[in-house]
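Fold and contact review
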Amino acid sequence: MSGKLINGKEIGEIIRQSIQKEVNDLQEQGVTPGLAVILVGDNPASKTYVSNKQKSCEQIGIYSELIELSADTTEETLLNEINKLNADPAIDGILVQLPLPKHITEQNVIAAISPEKDVDGFHPESVGKMILGQPTYLPCTPYGVMKLLEYANIDVAGKHAVIVGRSHIVGVPMGQLLLQKDATVTYCHSKTPDLVAMTTQADILVVATGRAKMIGAEHVKEGAVVIDVGINRDENNKLCGDVDFDAVVDKVSAITPVPKGVGPMTITMLLFNTLQSAKKKLTQDK
Ligand SMILES: Nc1nc(=O)c2c([nH]1)NC[C@@H]1CN(c3ccc(C(=O)N[C@@H](CCC(=O)O)C(=O)O)cc3)C=[N+]21
């Protein structure tokens, strides 16, 4: 049973050790990677995520800057802040915590981030390059999932990967990255008429819907690999995924838990992308 668990905390830790080594090397050359996080409003979940990101930066020697703006901040003010960070040589990566208040148009904000500092990989230029398979910042959550599969020795080529959820930040790029590793990819979403008929065909099932425990035993094929991207609170206010872990664990060959699954990998890949950005600065300056 224990061999089944894909531990994102442990795998993330292994990757962070090599990032930390590279950060140290960079610092010896006089470069400190810097990440700016902009938080608009005071959503408690967002605050927790942001403080996790900051702690992780601190731990491995990445400079981090938090810009906190009130919930009624105008789009114009936010765009001004982004422009300042675009021009700030101490900042290699800019992350605007999503979701944003409704009066702000997310696409305008994402498009304002310099693609050179787009460590989330959300800018249209980054998305385009990802789809074309060109070097770019890959979105941290799908990238983290690919690393989990790699470290868990799960070969993707020729497998049928079924993605549940079609968000621009997880579901859509997830399918793209799996496709690039030669998986056969099926996307499912809220308008899919017979979800069970689709998900039971999955060798690799990735769930990113934001609906607590929506995937049960009836959705999974015996021996499937299940990746749970969801982070929700259950009826007892306990952290849980989009997958009913207890219901499927005996049926699957491998599964990511929540917490300690995909979440820590998202942050790990954010640190990785920030390091890559800082490394570019080094070669450009010389
Ligand atoms: N521009 C932007 N980029 C993001 O990457 C982004 C975002 N906005 N908005 C919100 C989501 C969510 N997200 C998480 C990252 C790590 C954990 C994480 O580390 N979770 C831990 C602990 C969770 C806990 O204790 O609350 C775990 O799953 O083990 C969770 C959630 C990044 N997001």
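Computed from a predicted structure; not experimentally measured.

**Thoughts on the site of the ligand**
Residues in contact with the ligand amount to 18 residues; listed here are only the nearest, Leu98, Pro259, Lys260, Gly263 and Thr266. For the shell around the ligand, the leading source of residues is helix H10 (residues 262–285), giving four residues. Among the residues making up the shell around the ligand, the classes are represented as 11 nonpolar, five polar and two charged.

**Examining the packing of helix H1 (residues 8–28) against helix H6 (residues 140–151)**
Here H1 crosses H6 at 95°, and the two axes come no closer than 10 Å. By the angle between their axes, H1 is roughly perpendicular relative to H6. Counting all contacts with H1, which are made through Gly8, Ile11 and Ile15, the residues of H6 involved are Lys147, Leu148 and Tyr151. Its residues assigned to classes, the contact of H1 with H6 comprises four nonpolar, one polar and one charged.

**Looking at the nonpolar core**
Ranked by size, the top nonpolar core spans 70 residues in total, and within it Ala161, Ile204, Leu205, Val206, Val226 and Ile227 carry the most contacts. Counting contributing residues per domain, this core is built from domain 1 (30–115) and domain 2 (140–263), each supplying no fewer than three. Ignoring anything within four residues of it in the chain, the contact list for alanine 161 reads Val156, Leu178, Ala183, Thr184, Val185, Ala202, Ile204 and Val206.

**Some details on unusual backbone geometry**
Each neighbour pair has its own omega, and for leucine 98 with proline 99 the value is 0°, a cis peptide bond. Along the polypeptide, proline 99 turns up in the loop between strand E3 (93–96) and helix H4 (106–112). The omega angle of the peptide bond from valine 258 to proline 259 is -5°, so this bond is cis rather than trans. Among the secondary structure elements, proline 259 is positioned in the loop between strand E10 (254–255) and H10. With phi around 70°, aspartate 182 is a residue other than glycine that occupies positive phi space. Note on placement: aspartate 182 falls in the loop between helix H7 (171–180) and strand E5 (184–188). Note on aspartate 182: 11 C-beta atoms within 10 Å, which makes it exposed. Of note, lysine 213 is a non-glycine position whose phi angle comes to about 50°, a positive value. Note on placement: lysine 213 falls in the loop between strand E6 (204–207) and strand E7 (225–228).

**Focus on the sheet that holds E6**
If you walk across this open sheet you meet the five strands as E5-E4-E6-E7-E10, and the pairing is parallel. This sheet does not close on itself; its edge strands, each paired only once, are E5 and E10. Here four bridges tie E6 to E7, and the two strands are oriented parallel to one another. Opposite leucine 205, over in E7, you have valine 226 as the bridge partner. Against the sheet, H7 engages strand E4 (160–164), E5 and E6, with an angle of about 170° to E5.

**A closer look at the UniProt feature "domain: Tetrahydrofolate dehydrogenase/cyclohydrolase NAD(P)-binding" (unreviewed entry) in the protein chain**
Mapped onto the present numbering, the UniProt feature "domain: Tetrahydrofolate dehydrogenase/cyclohydrolase NAD(P)-binding" (unreviewed entry) falls on residues 139–281. Within residues 139–281, the helical portion is 36% and the strand portion 17%, while the C-alpha atoms at the span's ends are 21 Å from each other.

**Regarding the domain arrangement of the protein chain**
When cut into domains, the protein chain gives domain 1 (30–115) and domain 2 (140–263). Centre-to-centre, using C-alpha coordinates, domain 1 lies 28 Å away from domain 2.

**Regarding the packing of H6 against H7**
Relative orientation and spacing of two packed helices are given, respectively, by the angle between their axes and the distance between those axes. Interaxial distance between H6 and H7 falls to 8 Å at its minimum, and their mutual angle equals 40°. Classified by chirality, the crossing of H7 by H6 is right-handed. Along the contact surface, H6 presents Pro142, Val145 and Met146, while H7 presents Pro173, Met174 and Leu177. Residues of the contact of H6 with H7, tallied by class, amount to six nonpolar, no polar and no charged.

**Things to note about helix H3 (residues 75–86)**
Because each turn of an α-helix spans 3.6 residues, side chains separated by three or four positions end up pointing in the same direction. Counted at 1.5 Å a residue, the expected span for H3 with its 12 residues is 16 Å, and the 16 Å between its end C-alpha atoms agrees. Of the positions making up H3, those classed as buried are Leu78, Glu81, Ile82 and Leu85. End-on view of H3: buried residues confined to an arc of 100°, all on one side of the axis. Those residues of H3 that are exposed and aimed more than 90 degrees away from the buried face are Glu76, Asn80 and Lys84. In the core, the buried residues of H3 are packed alongside strand E1 (34–40), strand E2 (63–69), E3 and H4.

**Observations concerning the UniProt feature "binding site: NADP(+)" (unreviewed entry) in the protein chain**
Summarizing the sequence annotation, UniProt attributes the feature "binding site: NADP(+)" (unreviewed entry) to Gly165, Arg166, Ser167 and Ile231 in the numbering used throughout. For glycine 165, a count of 22 C-beta atoms within 10 Å puts it in the buried group. The residues touching glycine 165, leaving out its near neighbours within four places in the chain, are Val170, Gly171, His189, Val207, Ala208 and Thr209. Within the secondary structure layout, serine 167 lies in the loop between E4 and H7. Residue classification places serine 167 among the partly exposed residues on the basis of 15 C-beta atoms within 10 Å.

Calculation criteria
Residues numbered from 1 in each chain as written. Predicted model: local features only at pLDDT ≥ 70, side-chain atom pairs only at ≥ 80, totals over all residues. Near = placed C-beta within 6 Å. Helix = DSSP H or I, 4+ residues; strand = E, 2+ residues; numbered from the N terminus. Nonpolar A, V, L, I, M, F, W, Y, C, P; charged D, E, K, R; others polar. Axes fitted to C-alpha atoms, helices over the stretch in contact; angles between N-to-C directions. Parallel < 35°, antiparallel > 145°, perpendicular 65-115°, else oblique. Contact = placed C-beta atoms within 7 Å. Core = buried A, V, L, I, M, F, W, Y, C linked by C-beta atoms within 7 Å. Buried ≥ 20, exposed ≤ 12 C-beta atoms within 10 Å, placed from the backbone. Domains from an automatic or database assignment. Pairing = 2+ DSSP bridges. UniProt positions renumbered as here; feature names shortened; annotations may be inferred. Left-handed = near helix turned anticlockwise from the far one by under 90°. Expected span 1.5 Å × (residues − 1). Arc of directions from axis to C-beta.

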